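Residues per chain are reported as follows:
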Amino acid sequence: MTRVAVNGVTGQMGGAVIEAATDSEVVVGFATSETDAVEGVPVVDPADAATALREYDVDVVVDFAVPEGALTVAEACAETGVPMVVGTTGFDEDGLARLQDASEVIPLLKATNFSQGIQVLQRLVSEAVDTLEDYDLELMETHHNRKVDAPSGTATSILDVIQEERDVEPVYGREGHAPREADEIGVFARRAGDVRGEHELVLAGNDEVLSLSHRAEDRGVFAAGALDAAAWLVGRDAGWYAFGDVVDA
Ligand SMILES: NC(=O)C1=CN([C@@H]2O[C@H](COP(=O)(O)OP(=O)(O)OC[C@H]3O[C@@H](n4cnc5c(N)ncnc54)[C@H](OP(=O)(O)O)[C@@H]3O)[C@@H](O)[C@H]2O)C=CC1
Ligand SMILES: O=C(O)C1=N[C@H](C(=O)O)C[C@H](O)C1
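Residues numbered from 1 in each chain as written. Chains lettered and ligands numbered in written order. Predicted model: local features only at pLDDT ≥ 70, side-chain atom pairs only at ≥ 80, totals over all residues.

In the annotation of an unreviewed UniProt entry, the entry for the chain reads 4-hydroxy-tetrahydrodipicolinate reductase, and the organism field reads Haloarcula taiwanensis. Of the chain, the UniProt comment under Function (unreviewed entry) reads exactly: "Catalyzes the conversion of 4-hydroxy-tetrahydrodipicolinate (HTPA) to tetrahydrodipicolinate." Database annotation for the chain, UniProt heading Sequence similarities (unreviewed entry): "Belongs to the DapB family." (UniProt positions renumbered as here; feature names shortened; annotations may be inferred.)

Written out as structure tokens, the structure is:
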């Protein structure tokens, strides 16, 4: 069985990964709060991650934490040669560059969304934006009220896909006198209740509206995708990988 370490083990996704890990074994977790164990999994401070990765003979790390914590653990993975699956969102440019540095020495797979449906949605978005070339675009996402980063990592990735096809300028919410420019895309983040994750792109023009949307119904979908990615990543060459590589395999 693949020996997995979970970064952010005390969090919502950490719990979902432990629950979904039936074909692999979660042998240790990382978190900063003073907890000895979660569901029987020992919890170690991320500052001691390199020692723990060796001690627990970890094959791969699955990360759903915060950017600072993900980077601490990525650097421990690079030091010890352990592959890493990064699910944390909200990295700034410096953080992304540090992940790139780690991927020079270990296999590192980063995805803002580990559901297969979002992989397909991104392909549909690319085709729709390319075909409906002068339609107005508006992007919406809704998440639970504990989410700290906005817009979501998935919305940011969808925006990247759109910008590969079209030169659009994101406008993050509108207020007051704010007429729409032809080359803008409105991006809206809603936070409410325990919504697992909803994303919608609206394309409007020519007296019609096309809506492409996805709704995650349980965190288990992300956990299962990340564990699939982890199993796929073990034994690969150092480098930067995407979830699409796993879905297409
Ligand atoms: N790619 C994907 O498919 C998905 C990505 N996500 C992303 O995963 C991340 C976590 O989400 P979620 O589980 O809901 O968030 P939570 O707030 O529930 O959990 C965050 C976890 O990070 C831990 N943490 C905080 N600081 C550090 C640190 N310095 N080092 C290591 N761990 C730390 C927290 O524990 P403690 O306070 O004890 O340290 C906690 O365990 C977010 O960025 C979210 O956007 C979420 C779902 C799917
Ligand atoms: O924080 C979450 O919950 C989620 N975060 C990811 C994101 O920022 O896109 C993925 C998913 O939507 C759930």
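Turning to the nonpolar core, a few remarks are in order. Grouped together as the largest cluster of nonpolar side chains are 60 residues, with contacts concentrated most on Val17, Val61, Val62, Cys77, Val85, Ala226 and Ala229. Take this core: its biggest share by element is 10 residues, from helix α7 (residues 220–233). Once residues within four sequence positions are removed from consideration, Val61 is found in contact with Ala5, Asn7, Val73, Cys77, Val82, Met84 and Val85. Membership of the second largest hydrophobic core comes to 13 residues, among which are Val129, Ile185, Leu201 and Leu203. (Core = buried A, V, L, I, M, F, W, Y, C linked by C-beta atoms within 7 Å. Buried ≥ 20, exposed ≤ 12 C-beta atoms within 10 Å, placed from the backbone. Helix = DSSP H or I, 4+ residues; strand = E, 2+ residues; numbered from the N terminus. Contact = placed C-beta atoms within 7 Å.)

We now examine the UniProt feature "domain: Dihydrodipicolinate reductase N-terminal" (unreviewed entry) in the chain. Following the UniProt record, the feature "domain: Dihydrodipicolinate reductase N-terminal" (unreviewed entry) maps to residues 3–114 here. Here residues 3–114 is 36% helix and 26% strand, with 20 Å between the C-alpha atoms at its ends.

Time to look at the UniProt feature "domain: Dihydrodipicolinate reductase C-terminal" (unreviewed entry) in the chain. With numbering aligned to this structure, UniProt lists the feature "domain: Dihydrodipicolinate reductase C-terminal" (unreviewed entry) at residues 117–246. Within the segment residues 117–246, helix and strand shares are 35% and 30% respectively, and the terminal C-alpha atoms sit 13 Å apart.

A word on the site of ligand 1. Neighbouring ligand 1 are 30 residues; Gly8, Gly11, Thr32, Ser33 and Gly69 lie closest to it. Elements with a contribution of two residues or more to the shell around ligand 1: α1 (12–20) and α3 (67–80). Residues that form the shell around ligand 1 fall into these classes: 11 nonpolar, 17 polar and 2 charged. (Near = placed C-beta within 6 Å. Nonpolar A, V, L, I, M, F, W, Y, C, P; charged D, E, K, R; others polar.)

Our next topic: the sheet that holds strand β11 (residues 198–205). Across the sheet, which stays open at both edges, the 5 strands sit in the order β9-β10-β8-β11-β12 with mixed pairing between neighbours. Sheet topology places β9 (169–172) and β12 (208–215) at the edges, where each strand pairs with a single neighbour. Each adjacent strand pair in this sheet contributes to an overall mean axis angle of 20 degrees, direction not counted. The strands that helix α5 (residues 116–131) touches are β8 (136–143), β11 and β12; relative to β12, the one it contacts most, it runs at about 160 degrees. Packing of helix α6 (residues 153–165) onto the sheet brings it into contact with β8, β9, β10 (184–191) and β11, and relative to β8 it is tilted by some 165 degrees. (Pairing = 2+ DSSP bridges. Axes fitted to C-alpha atoms, helices over the stretch in contact; angles between N-to-C directions.)

Quick look at the site of ligand 2 now. What surrounds ligand 2 is the set Thr89, Thr112, Asn113, His143, Lys147, Ser152, Gly153, Thr154 and Gly197. Here the residues of the shell around ligand 2 sort into no nonpolar, 8 polar and 1 charged. Counting residues domain by domain, the shell around ligand 2 receives three or more from each of domain 1 (2–114 + 219–248) and domain 2 (116–215). (Domains from an automatic or database assignment.)

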